[in-house]
Amino acid sequence: MKLSKKQFKQDFEERLTSKFATDLTKAGYQEIYDALASVVKHYYANIWVSDNQYKDETGKKQAYYFSIEFLPGKMLKSNLLNLGMLKTVREGLEDFGIELDEVAKVEPDMAIGNGGLGRLASCFMDSLASTGLPGNGNGIRYRYGLFKQKIIDGYQVELPDSWLNNGNPWEVRRADKAVEVTFGGEVWLEDDGKGNLIPHYKDQERVLAVPYDTPMIGYENTTVNNMCLWRSEVPEELDPKFQNLEYMRQTSMLSAELYPDDSNYDGRLLRLKQEYFFVSAGLQRILHHYKGTQKKDIRRISDYIAVHINDTHPALCVPEFMRLLVDDYGVGWNRAWDTTVKVMSYTNHTILSEALEKWPEEMVKQLLPRIYQIIVEIDRRRTAELLPKIGASLVHNTRIIKDGQIHMANLSIIGSHSTNGVAKLHSDLLKDVELHDFYEIYPERFNNKTNGIADRRWIQIANERLSGIIDETIGKSWRHDLDELKLLKNFKDDEKTLEKLQKAKYDDKLRLAALIKEKNGIIVNPDAIFDVQVKRLHAYKRQLLNALHILKLYFDLKENPELDRVPRVFIFGAKAAPSYHYAKSIIKCINEIANMINNDQTVKDKLKVVFMENYNVSLAEMIIPAANVGEQISLASKEASGTSNMKFMLNGTLTIGTLDGANIEIFEAAGDGNNFVFGLTKDEVYEYYRNGNYNARDIFEQNPVVNRILNALIDGTIPNIKSEGREIFDSLTVYNDEYFVLRDFNDYVRAQADLEKLYRDPKAWAQASLMNIANVGRFSSDRTVKEYADDIWYIKAKKE
Ligand code: AZC
């Protein structure tokens, strides 16, 4: 959208006054932010309205991405960038003596997600709109987002994230579109005399679901999609039975809090309620829309909508869609089933068994009696149909209801036409191992969609300096098509370009160094290698391996302070699930290792360790551009894909990593020698599992370096470390090191040494960095969503 600076300044000043009865001389940042957001909203409102009209008029098929988590971060700059107004607004504000970046700080991170899965959903939202694809989000508007992390005495402490305290200027409450979601009570079926079984209900608990729409604005185009988030409220008219405080409290609890665990299935009733709540509300709204505004024949609804089940949390989409079609819209069971399978598709994000959702049958039956009946019926019909065809064992292994539990992955696969993993290795593991029985029955349903990232946020916004240099070098086409970055390869031997890249990285390191000084009070050397591991804290991600290696470097320096080492700054950012004891112990250990090293004068500035508290999207935007090295060191087979690996690559960071998840594709794309690979392969890991012959204790006893480091955890070497040291020590030496940390240690040390060697050759390093940037194109989520659109959802992009 064309906007002159003059126009903007006038609009902004007027808005500030009309909204807050103040002027530029007196306004605070919160007021400036609100006024600015309100002006921006005014600019996109018409595009939003006309794109909705366009969608209704053309009746084109749309996709709906159902996800219990989204992790957008801040919206202001992203909206400005996508509207093509970032520069104008920045300059306009400068004329008033206002720094856009300072204003942007006021906006709280929208953190209604935990980690990779939620962030991916938000990258997809950006990419769908930016590629002109009609794809919308559906989720929950949690009153409290992911907890704020404080580090106190080395320990993680969780504080509530009340991100809505100052309102949210981007959302629109649509009270007119509220729907009711019901729980509990009794249900029975009665014949209507025409052979149809009609459900009758008694004593149901009703909850009002109110949608809040947030525009997902496409990059320099005319597409604005919708992210619909549901809030639970008490309906105006209540049955006397529910007119009590307990019911009111429970109802508001539904959309009160995000579950802060991303790796553990937690079988609590409230979570199941949340899952059904946003699924039912979302599907009802979609069907109302198509039946009402669009006057579509409901029996052909699969021509108009695709519903995506992002991990199994929205798996109840399958029986709920059946319920709506059969009970509310009078579609026959078989037709409804065909339609459901055509409409639904499912992504699996993890093979960790502790994350696989299974709900006790009894709980589902009590809370969702009609849904339970439908699941039983789906399972019964499928079993009857398949038994004669494929035999008892395959049928049994793949049943939805087994051992008194409802298996949500099974429900998702059976009730949809597509199941995908999120990187090649992961998708292969699903087919060959984890979901092999399903693959035998439905081979055509399985496919891979390697993850991607929204490059607009992760370079254009996060790294304006680098973006500018790329423009100067190859022009701006890459901003619309990330593959164009391959033009950079022509500059691999161009000293000037390499120098500019190095300078940009150095400046980003200075920016981060200033932040570290401000937040942690630690002074770091910008010439050091900035070596970063940022992600959720989980044993399989092996932050511990990184920490053990740091201890090794430290002991080497203690022994020989004159050792010729390239200085290093190790930077961590990680939240642990509040109930994940072991992960929290690792945080404590890292912090105490940091304290010990940072306060030891013998190592001077050769080694520093920084744990940055409250890692979130905004912090990632500061840290990632400044990284020389990114750590992607999960045990092979455990990280489904990873996406920070792609963000690092985009920012010219070299990866040290295992052959896991999307790392494999990154190493291949960047070319040999441009990253550092180590560790067991997936096959070697599985070989150990088969033979059961891994013995961590042997390594501890036989490898003197490992022995020394592990003993440091328990012998008082690290001041202020308490039982955590023993806990970690035992996990490795007594409980046999579940994630093969010790097995990979030596090779990791070797790869780290290779890395240091390359860093000593600045030109070679800069070239490797350039090759990473130049080859990152395929990891744009624009590519990923196009693949979903073509292969799974069958939706088409709008032509500009
Ligand atoms: C994550 C995976 O752990 C990560 O490897 C992947 O990149 C990301 O999803 C996006 O696909 N998974 C989760 O965040 N959560 C769960 C329940 O898998």
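Computed from a prediction, not measured in an experiment: that's the story for all the values here. (Residues numbered from 1 in each chain as written. Predicted model: local features only at pLDDT ≥ 70, side-chain atom pairs only at ≥ 80, totals over all residues. Heavy atoms only, no water.)

1. A few points about the sheet that holds strand 15 (residues 405–407)
For clarity, the threshold we go by: For two strands to be treated as a pair, DSSP must find no fewer than two bridges joining them. Working definition: helices are DSSP H or I runs of at least four residues, strands are E runs of at least two. Numbering for both runs from the N terminus.
On the basis of which strands lie adjacent, the open sheet formed by three strands has the order 13-15-14 and antiparallel pairing. At either margin of the open sheet sits one strand with a lone partner, and together these are strand 13 (358–360) and strand 14 (401–402). The pairing of strand 14 with strand 15 spans two bridges and is classified as antiparallel. If you follow Lys402 over to strand 15, its bridge partner there is Gln405.

2. Some words on the sheet that holds strand 22 (residues 654–657)
Put simply, the rule reads: Any pair of residues with heavy atoms lying within 4.5 Å of one another is described as a contacting pair. Throughout, an axis means a line fitted to C-alpha atoms (over the contacting stretch in the case of helices), and angles, computed between N-to-C directions, take values from 0 to 180 degrees.
The strand order 20-19-18-21-22-23 describes an open sheet built from six strands, whose pairing is parallel. The sheet is open, and its two borders are formed by strand 20 (607–611) and strand 23 (676–677), each paired with just one other strand. With six bridges connecting them, strand 18 (residues 529–534) and strand 19 (residues 568–573) associate as parallel partners. For Val534, the partnering residue across the bridge sits in strand 19 and is Gly573. Each of strand 18, strand 19 and strand 20 touches helix 19 (residues 495–520); the most contacted strand, strand 20, lies at about 70° to it. Against the sheet, helix 21 (residues 581–598) engages strand 19 and strand 20, with an angle of about 145° to strand 20.

3. Re the pattern of salt bridges
Using the following cut-off: For salt bridges, the criterion is a side-chain nitrogen of Lys or Arg within 4 Å of an Asp or Glu carboxyl oxygen.
Counted by the stated rule, this structure contains 60 salt bridges. Through salt bridges with shared partners, a single network forms among Lys552, Asp556, Asp564, Arg565, Glu756 and Arg760.

4. Remarks on the site of the ligand
Here is the rule we go by: The rule for a residue being near a molecule or strand is that one of its heavy atoms must lie within 4 Å of it. Within 3.5 Å is the distance limit for a polar contact, defined as a pair of N or O atoms, with the added protein rule that one can donate a hydrogen and the other accept it, and that residues adjacent in sequence qualify only through two side-chain atoms. Note that domain bounds follow an automatic or database assignment of domains.
Taken together, 14 residues form the shell around the ligand, and within it Leu117, His349, Asn451, Glu639 and Gly642 come nearest. Backbone polar atom of Leu117 to an oxygen atom of the ligand: 3.0 Å apart, as the coordinates give it. Contacts to the ligand include Tyr540, whose side-chain N or O atom sits 3.3 Å from an oxygen atom. Counting only domains with at least three residues in the shell around the ligand, you end up with domain 2 (60–74 + 109–451) and domain 3 (462–779).

5. Brief notes about the packing of helix 9 (residues 317–328) against helix 12 (residues 369–390)
When two helices pack together, their arrangement is given by the angle between the helix axes and the distance between those axes. Applied cut-off: Oblique is the label for every angle not falling under 35 degrees (roughly parallel), over 145 degrees (roughly antiparallel), or within 65 to 115 degrees (roughly perpendicular). Charged means Asp, Glu, Lys or Arg here, nonpolar means Ala, Val, Leu, Ile, Met, Phe, Trp, Tyr, Cys or Pro, and polar covers whatever is left, Gly included.
Between helix 9 and helix 12, whose axes approach to 9 Å, the crossing angle comes to 100°. Judged by the angle between their axes, helix 9 and helix 12 are roughly perpendicular. Along the contact surface, helix 9 presents Val318, Pro319, Glu320, Met322, Arg323 and Asp327, while helix 12 presents Arg370, Ile371, Ile374, Ile375 and Ile378. Broken down by class, the residue content of the contact of helix 9 with helix 12 amounts to seven nonpolar, no polar and four charged.

6. Topic: the domain arrangement of the protein chain
When the domains of the protein chain are assigned, the result is domain 1 (1–58 + 75–108), domain 2 (60–74 + 109–451) and domain 3 (462–779). Look at where the C-alpha atoms of domain 1 and domain 3 centre, and you get two points 38 Å apart.

7. Some points on the side chain of Arg206
Going by this rule: Exposure classes here rest on a 1.4 Å probe applied to the protein chains alone. A residue is buried below 20% of its type maximum, exposed above 50%, and partly exposed in between.
Mapped onto the elements, Arg206 comes out in strand 9 (residues 205–217). Classification of Arg206 by relative accessible area gives buried; the value is 18%. Side chain to side chain, Arg206 and Glu180 meet in a polar contact 2.9 Å long. In this structure Arg206 touches Glu180, Val181, Thr182, Pro235, Glu237, Leu238, Asp239 and Tyr247, once residues within four positions along its chain are discounted.

8. Topic: the UniProt feature "modified residue: N6-(pyridoxal phosphate)lysine" (unreviewed entry) in the protein chain
Going by this rule: UniProt positions are given in the numbering used here, feature names are shortened, and annotations may be inferred rather than shown by experiment.
UniProt's feature table lists "modified residue: N6-(pyridoxal phosphate)lysine" (unreviewed entry) at Lys647, given in the numbering used throughout. Here Lys647 lies in helix 23 (residues 644–650). With residues near it in sequence (within four places) discarded, Lys647 still touches Arg119, Ile453, Trp458 and Ile624.

9. Some thoughts on unusual backbone geometry
Although it is not a glycine, Asp311 adopts a positive phi angle of roughly 60°. Looking at where Asp311 falls in the secondary structure, it is placed in the loop between strand 11 (305–310) and helix 9. If you check the backbone angles, Asn736 has positive phi at about 60° while not being a glycine.

10. Observations regarding the pairing of strand 18
How we decide: When the strands point away from the viewer, a crossover counts as right-handed if the path from the first strand over the helix to the second runs clockwise.
Burial analysis of strand 18 places six of its six residues in the buried class, the great majority of the element. The side-chain alternation of strand 18 yields two buried faces, one formed by Ile529, Asp531 and Gln533 and the other by Phe530, Val532 and Val534. As a crossover connection, the stretch from strand 18 through helix 20 (residues 543–559) into strand 19 is right-handed. Note: strand 18 against strand 21 (residues 629–632), two bridges, orientation parallel. The residue bridging Val532 from the neighbouring strand is Gly630, located in strand 21.

11. A closer look at the environment of Leu325
The topology assignment puts Leu325 in helix 9. Judged by its relative accessible area of 1%, Leu325 is buried. Placed 24 residues apart in sequence, Leu325 and Ile301 show a C-alpha to C-alpha distance of 9.9 Å. For Leu325, the residues in contact, after removing those within four places along its chain, are Ile298, Gly330, Val331, Ala336, Thr339 and Thr340.

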